[in-house]
Amino acid sequence: MSPGQPVITVLYFAAASTATGLTSQAVSLPPPTNSSKEFRLSLLGDLLISLHPNKGLDKILQSSQWSVDAEMVDDPQEVVLKGGEEVAVICPVSGG
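So, a few notes on the structure that sits alongside this text. As the structure is a prediction and not an experimental result, all values here were calculated from the model. Residue positions are given per chain, counted from 1 along the sequence in the order it is written. The model is predicted, so local features are restricted to residues of pLDDT at least 70 and side-chain atom pairs to those at 80 or more, both for listing and for counting; the totals for chains, interfaces and linings are taken over all residues. Water and hydrogen atoms play no part in the side-chain values, which are based on all heavy atoms of the structure.

1. Some remarks on unusual backbone geometry
Note the following rule: Runs of H or I in DSSP of at least four residues are treated as helices and runs of E of at least two as strands, each being numbered from the N terminus. Whether a residue is buried, partly exposed or exposed follows from its accessible area with a 1.4 Å probe, protein chains only, as a fraction of its type maximum: under 20%, in between, or over 50%, in that order.
A positive phi angle is found at alanine 14, which is not glycine, with a value near 50 degrees. Structurally, alanine 14 can be placed in helix H1 (residues 14-20). In this structure alanine 14 comes out as partly exposed when scored by relative accessible area, which is 47%. Unusually for a residue other than glycine, aspartate 69 sits at a positive phi of about 50 degrees. Relative to the elements of secondary structure, aspartate 69 occurs in the loop between strand S4 (65-68) and strand S5 (71-72).

2. A few points about helix H2 (residues 44-51)
Note the threshold: Note that the arc is computed from the directions linking the helix axis to the C-beta atoms.
Where H2 is concerned, the buried positions are Leu44, Gly45, Leu47 and Leu48. Along H2, the residues classed as buried sweep out an arc of 160 degrees about the axis, all on the same side.

3. Thoughts on the layout of surface pockets
Threshold: Here the term cavity refers to a set of points on a 1 Å grid, laid over the protein atoms alone, in which a 1.4 Å probe fits but cannot get out; the term pocket refers to an open set having protein on both sides within 12 Å along at least five of seven lines, with lining residues being those that place an atom within 4 Å of a point. Grid points are joined across faces, edges and corners, and a volume is the space filled by probe spheres set on the points. When residues are sorted by character, Ala, Val, Leu, Ile, Met, Phe, Trp, Tyr, Cys and Pro go into the nonpolar class, Asp, Glu, Lys and Arg into the charged class, and all the rest, Gly among them, into the polar class.
When its volume is computed, the largest pocket comes out at roughly 230 Å³. Forming the boundary of the largest pocket are 14 residues, of which Pro30, Pro32, Lys37, Glu38 and Phe39 lie nearest the centre. In terms of residue class, the lining of the largest pocket is built from nine nonpolar, two polar and three charged.

Written out as structure tokens, the structure is:
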């Protein structure tokens, strides 16, 4: 993590936790670019996959949902992460 970069906490549950070997992780958000000053939740999946290559996380995230600060997210494109948020990967669960 670079000093001064915004950091979020990612919580991994179920299959996401198994794939990463973690239950939580501090993740630095990338610095703003000329084309984008904001880091949207919809970009987080690619960042997490790059941090955990070849773990099958890409397939897990395809069927997962997100929550930010304990609120489920309907449209990840509409959520801007600024740092300090707690983001959870919510994997599908089956039961009966």
